[in-house]
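Structure at a glance
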Amino acid sequence: MSQNNLQSDSLQNPRVTWEGCSVLLDINDGDRLVFARLTSGSTLKIGNKKFSLRPLIGCPFGSLFQTKNGKEGPCLSRFIPSTEGNNAEEKGDCEIINESRDNRAIIDNNKAQSLTGEDIDAMRRQGAKGDEIVEALIANSATFEKKTLFSQEKYRLKKQKKYAPRVLLRRPFTRSICEAYFKKYPARIGFLRVDALSLLLSMTNVTAKSDILVVDMVGGLLTGAVAERLGGTGYVCNTYLGGTPQSMDIVRMFNFNNDICKRIVRAPLNDLRLAQSGTSKQIGTHEDAPDMESNGLTSSINMEEVSKSSEHKVTDLDPDANVSPTSKMSKAPKAGESASQEALKLWGENGFSSLIIAAPDLDPWSLVKDLLPLVSYSAPFAIYHQYLQPLANCMHNLQLGKMAIGLQISEPWLREYQVLPSRTHPCMQMSAFGGYILSGTRICSS
Amino acid sequence: MLLIDPKKKLSFSRCIRDGDLVIVCEKHDTMKATKVCEISVLQNRFGVFKPSDWIGKPFGSKTLVLSHRTQILYIADISFVITYLEIVPGCLVLESGTGSGSLTTSPARAVAPTGHVYTFDFHEQRAASAREDFERTGVSSLVTVGVRDIQGEGFPDEYSGLADSVFLDPPQSWLVIPSAGKMLKQDGILCSFSPCIEQVQRYCETLRSNFTDIKTFEVLLRMYEVCERQMDCGQSDEDVSLGSPPYKRRQCSNERSKVQENTSSPVIMARPCGESRGHTGYLTFARLKCQ
C-alpha cells in the first residue's frame, strides 16, 4: 500500500486521541463505562475524587491509566502493565494441578485484615501507590495464604479495583458503543444487541457507495453503524414520519470526520415519496433543528449527554458539568443535514440499495408498505423488532402482496465463554434476547 | 454483486445485461450463481432455461418459485466477525486459511474501496480456485491470495505493523499468534475461529502474553416459520375424534357449515423451526496490547 493510502486511512481511522474527540472510558475492566469528550477542562470522577482527562489527550486508544497522587493532587497517569503479572499467572497455572488448599478453615468474620482504614489513609498521604496498598493489604491478611489460588486472584483483583482503579481508553466504534449501551441503557437502543446489529448490516449488504434507507429509532446507533461501513461514500438517509425527526445523539460519539458526516442525511418520508412520484412541488425544509442545535455546544457535551434520560438510574455516571462552554476546541462536524434536492431526485429515479428498519415501537408492516417502494428491485431489506407477532404479520402480508422473496424471520443467539485453565465454561451471565429480524429481497411484481 | 463500479449500481432502470452474474433462487434451499451470456443454458430440476431470456428484464423479476435458505448457517458468524474486528473502508486485513474463500468475500466488501485483504492458504490449488471465485464475484481488486504456510512461516514481514485486523482459521492457530502480534497495529484486533474447545483453550493461553480484552463467543441463528392456521376452539363435533390432527378437522368444517362456530378465523402464527444448527465454531477475539 502506498504511503498516501496509509495516511488517509489513519485520518479516517485514527488510533490516537486528539483534543475534542469522543472516547469511551472503561473503568475497572467493564465495571463502569463512561462516554466522554476529551477537552482540557473535562474530568472524571472515581470514588470521591475528580481526575482531569487532560493526560489522555494524544495517547493511543487502548492505553491504560492508573490513579496517582501527583504533585498537583490526584491525577491519571499512563502506565504499561508489566509482564510480571503474566508470569505469576503462568506459575499459578502449574500450581493448580497440585492445589490442595480449600476453604474449610477460613471463617468469614471480618477480622482477617489487620490494617485499618486509618493506616491506609496514612499510607496514601505518604505517597504510597495503589499497588503498594494492595500488597500491604495482602501481607496483613491472616487468611490470604490459606486461600486457594483462585480465591487469592479474586481477592487481589477486588482490592486492586478499590485502591488502584484502572481506566482503559477505548475507541468509540460500532462494537464498543453498542456494547456499552446494551449493558447500561439497553432501552435507549431498543435492546439491539451487537450481533443483531451486525446481522442487519450484513443482510442488507451495507458497503461503500451504497445508498441505504434507514428508519432509526434507536438513538442513532444504526445510522452511525451504517455510516461507518460506508466510509465516506454513498449515503445513509435517515427517514422519519411526520414533521420532526427522531434523535440521533449516538452518531456524535463515533468521531466521524467531515467526509462521513456529509453522508449522513435526513429526509421526511413524504419528501421521498414525492421525489419518486416525480412531483416538482417545492420540498420545504422542516423544523428539524432541535437535534442539530447541540452541535454548537459540543464543548459541553460530556458524560451529561448520556445521563439525560430520566428513565434510568444514573448510578455510574457523574453529573459532571465542569466543562466550560467557552473552552476552545475544534467543533465536531455536523451530521444529519437535510438531504439535498439532487439526492432526493436521484433516489426517486433509482431507488435505494437497501432498507433497514429499527423502530421497536412502530408496527413493521405499516412502515414497510410505505418504504419498500422506495427501494430498488432486487434490493435487500431487514427489519429489527422486539416482538415476533408484528414481524410474522408483516411477513405474511409481504408474501400475499408478492412484494418480496427470500423472506425469513431469524433470532440471533449469542453466548460468551470464560476460557481459563481448568475453569472453562460459558459465562454465568448471558443475554437471553437480542431481538428478531425479518429479512428479504424486494421484487418487481410484474 | 459488489457495487464498486458506480455504473453497475442497483436501480429501477438497471436491467440484466449480457455478462452479468446473477443469482437464481430455485427453491427452498438452493441458490445458484449463473453468468448470463447469449448462448448459455441453465439446466436444473425444473427444466432448461435460457438465461439469455432474462436479458433486458429488470433485476428482481420473478421467474421461478422463490424462497431460499442457503449459507445462512454462517452468516451469523461472518457478520459478527466483521463488526467485532472493526473492519471498515480503508482497513488492511490479513487472513490465514483461505479455504473456499466464502469467508473472505465479506471482509473484502467491508474494506472497499480503499482497503485490502491479504489472504493466505498453503494449498496451491485452493488458492487458485479462490482467485477465480473472487474474479467472478468482482472483489479481485480488493483481495490478494498468497500461497504460504502461515503456521510454519508466519505472515510476510512486509505487513508488519500495518494490519488493522487479522483473522485466523488454521487448525493450530496458536502457532500464528506471535506473527499476528507483529502484523497488527496497536489496539488492532485478532480473531480466531475454532470448532473445538481444546483448541480455544490452547489458543487463549498463548494469547495472554501480548493481547488483552480476550473474549470467546458462540453465535447462532434461530429460524422461525410463519403460517396461517385455523385453531380449533376445542369443541369436537360428533364425527371427528379429539385425537385427529387439526387440518383434518378443518376439512370437515369446510363441508359442514354447522361446525363453523367451533373454529376461529385464520390467524398468523410463528414458531421456531424444528431443525437447527447446534454449533459452527468458537470465535475468539483479542486486542493487541499497547506498548
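Here, residues in each chain are numbered from 1, in the same order as that chain's written sequence. Starting at A for chains and at 1 for ligands, labels are handed out in the order in which the entities are written. Residues qualify for local features only when their pLDDT is at least 70, as the model is predicted, and side-chain atom pairs are given and counted only at 80 or more; totals for whole chains, interfaces and linings, by contrast, use all residues. Excluded from the side-chain calculation are hydrogens and water; included are all heavy atoms of the structure.

1. Considering the interface of chain B and chain A
So the rule is basically this: In this analysis, two residues are considered to be in contact whenever any of their non-hydrogen atoms come within 4.5 Å of each other. Each salt bridge in this description consists of a side-chain nitrogen of Lys or Arg and a carboxyl oxygen of Asp or Glu lying within 4 Å of one another. Here a polar contact is taken to be a pair of N or O atoms separated by no more than 3.5 Å, where protein atoms must pair a possible hydrogen donor with a possible acceptor and residues adjacent in sequence count only if both atoms sit in side chains. Note on conventions: DSSP H or I runs of at least 4 residues are helices, E runs of at least 2 residues are strands, and numbering of each starts at the N terminus.
The interface of chain B with chain A comprises 70 residues on the first partner and 78 residues on the second. Connecting chain B to chain A are four salt bridges. For the pair chain B and chain A, the number of links is 20 residue pairs in polar contact (both at pLDDT 80 or more). Per-element tally for the side of chain B that touches chain A: the top contributor is strand 10 (residues 211-229) of chain B, with 13 residues.

2. Quick word on the confidence of the model for chain B
Residue and element names in this part refer to chain B. Here is the rule: Note: pLDDT gives the predictor's confidence per residue, expressed from 0 to 100.
When the pLDDT values of chain B are averaged, the result is 75; 64% of them are 70 or greater. Here strand 3 (residues 42-44) is the element of chain B with the lowest mean pLDDT, 43, and strand 12 (residues 282-288) is the one with the highest, 95. Within the model, pLDDT remains below 50 along residues 36-51, and this stretch shows 40 contacts once partners closer than five positions in the same chain are excluded. The ipTM, which scores confidence in the relative placement of chains, is 0.81 for this predicted complex, and the corresponding pTM is 0.78.

3. A word on the side chain of A:Q152
Residue and element names in this part refer to chain A. Along the chain, the position of Q152 falls in helix 5 (residues 149-163). In this structure the side chain of Q152 is engaged in a polar contact, spanning 3.0 Å, whose partner is the backbone oxygen of F144. When near neighbours in sequence (up to four residues on either side) are disregarded, Q152 contacts R101, F144, E145 and K147.

4. What about the nonpolar core?
As a reminder of what qualifies: The definition of a nonpolar core used throughout is a set of buried Ala, Val, Leu, Ile, Met, Phe, Trp, Tyr and Cys residues joined through side-chain atoms within 4.5 Å. Think of it in three bands: with a 1.4 Å probe and only protein chains considered, a residue is buried below 20% of the maximum accessible area for its type, exposed above 50%, and partly exposed in between. Boundaries of every domain are those given by an automatic assignment or by a domain database.
Membership of the largest hydrophobic core comes to 80 residues, with the highest contact counts inside it found for A:L221, A:L222, A:V226, B:F80 and B:F285. Both domains that furnish three or more residues to this core are identified here as domain 1 (3-81) and domain 3 (174-442) of chain A. Discounting residues that sit within four places of it in the chain, B:F80 has contacts with A:V194, A:D195, A:S198, A:L414, B:F217, B:V219, B:L283 and B:F285. Counting 40 residues, the second-largest nonpolar core is a separate cluster that includes A:A359, A:L372, A:C394 and A:M395.

5. Digging into the packing of helix 7 (residues 194-203) of chain A against helix 8 (residues 221-230) of chain A
Residues and elements named next belong to chain A. Using the following cut-off: As a rule, the C-alpha atoms of each element are fitted with a line to give its axis, helices using only the stretch in contact, and angles between N-to-C directions run from 0 to 180 degrees. To sort the angles, those under 35 degrees are grouped as roughly parallel, those over 145 as roughly antiparallel, those from 65 to 115 as roughly perpendicular, and the leftovers as oblique. Helix crossings fall into two classes, left-handed where the near helix is turned counterclockwise from the far one by less than a right angle and right-handed where it is turned clockwise. Ten residue types, Ala, Val, Leu, Ile, Met, Phe, Trp, Tyr, Cys and Pro, are classed as nonpolar, four, Asp, Glu, Lys and Arg, as charged, and the remainder, Gly among them, as polar.
Between helix 7 and helix 8, the least distance of the axes is 11 Å, while the angle of their chain directions is 50 degrees. By the angle between their directions, the pair helix 7 and helix 8 is classed as oblique. Of the two possible hands of crossing, helix 7 and helix 8 adopt the one that is right-handed. Every residue of helix 8 that contacts helix 7 at L197, L200 and L201 is listed here: L221, L222, A225, V226 and R229. Within the contact of helix 7 with helix 8, the residues separate by chemical class into seven nonpolar, no polar and one charged.

6. What to know about the pattern of salt bridges
Inspection of every chain in the model, using the stated rule, returns 18 salt bridges over all chains. For A:R171, the salt bridge goes to B:E86, with nearest N and O atoms at 2.9 Å. Within this pair, whereas A:R171 is found in the loop between strand 7 (166-170) and helix 6 (174-184), its partner B:E86 is found in the loop between helix 1 (72-84) and strand 5 (92-96), the two belonging to separate chains. Take A:R171 and B:E86: they sit in the same class, and that class is buried. Across the pair A:R175 and A:E179 runs a salt bridge whose closest N-O atoms are separated by 4.0 Å. Placement of both A:R175 and A:E179 in helix 6 is noted, with a separation of four residues, approximately one turn of the helix. As far as burial versus exposure is concerned, A:R175 and A:E179 are alike and both buried.

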